[in-house]
Amino acid sequence: MFERCTWLNEPPACRIEGGVLHAVTGEQTDFWRITSYGFIRDSGHVFAAPVEGGFTAQVRVRADFTHLYDQAGLMVRIDERRWLKAGVEFSDEQPMLSTVLTNELPDWAETPAPPFADGFWLRMTVDQGVIRVQYSSDGMVWPMLRLAPFPVAQRYLVGPMCCSPQRAGFEVRFRECS
């Protein structure tokens, strides 16, 4: 899938090597809209490809989540006001499985992440106005993380996402993207 992707907010350092996307985040990057904090950020990094109609996308993520709000995962985006990002985010002094569903305003849900010895996988399925988010620690068992209404659009952008709202220099590797 990487060959069809382009950057929205290209990070200061990125490369594809051996089928692995390496990215290093810029300073104070995030995707967020208003709720609770009162600001809008649309500066996070997403390496996305256009997709029409229903689809399933997945990616494997490896990173060292140790700084507040560092996050990496997968994003589905219609525009700056309608999107979902999911993955692991460092919050409450630990890695958390996190989803932010935004339809004008964000709805953020998180739960402690299980141990991911060698990274984790994310899968998103969009079909007929619904989005399903699943995660896996082994690529075989896929518990559901979220099921929610999602706007129907003619075209979506989907791909690996990473952000570091409190700093720069968060290093992430993505692979097995489809």
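Nothing here was measured: the structure is a model prediction, and the numbers come from that model. (Residues numbered from 1 in each chain as written. Predicted model: local features only at pLDDT ≥ 70, side-chain atom pairs only at ≥ 80, totals over all residues. Heavy atoms only, no water.)

1. As for the side chain of Arg 60
- Relative to the helices and strands, Arg 60 resides in strand S7 (residues 55–63).
- Assessed through its relative accessible area of 10%, Arg 60 is described here as buried.
- A polar contact is formed between the side chain of Arg 60 and the side chain of Asp 118, at a distance of 2.9 Å.
- Beyond its immediate stretch of four places on either side in the chain, Arg 60 contacts Asp 118, Phe 120, Trp 121, Arg 173, Phe 174, Arg 175 and Glu 176. (Helix = DSSP H or I, 4+ residues; strand = E, 2+ residues; numbered from the N terminus. Buried < 20%, exposed > 50% of the residue type's maximum accessible area, 1.4 Å probe, protein only. Polar contact = N/O pair within 3.5 Å; in protein donor to acceptor, adjacent residues only side chain to side chain. Contact = heavy atoms within 4.5 Å.)

2. A short note on the state of the cysteines
- For the coordinates displayed, the defined rule picks out 0 disulfides.
- Not engaged in a disulfide, the cysteine Cys 163 finds its nearest cysteine sulfur in Cys 162; these two sulfurs lie 6.6 Å apart.
- When its relative accessible area of 0% is taken as the criterion, Cys 163 is described as buried. (Disulfide = S-S within 2.5 Å.)

3. Looking at the pattern of salt bridges
- By the definition in use, this model includes 9 salt bridges.
- The closest approach of N and O atoms between Arg 15 and Glu 17, which form a salt bridge, is 3.3 Å.
- Among the residues examined, Arg 15 registers a relative accessible area of 44% and is labelled partly exposed.
- Among the ionic pairs, Lys 85 bridges to Asp 30, the shortest N-O distance being 2.9 Å. Placement of the pair is Lys 85 in strand S9 (residues 82–91) and Asp 30 in the loop between strand S3 (20–24) and strand S4 (31–33), with a sequence separation of 55 residues. Each member of the pair Lys 85 and Asp 30 is classed as buried.
- By sharing partners, the salt bridges in this structure join Arg 60, Arg 62 and Asp 118 into a single network. (Salt bridge = Lys/Arg side-chain N within 4 Å of Asp/Glu carboxyl O.)

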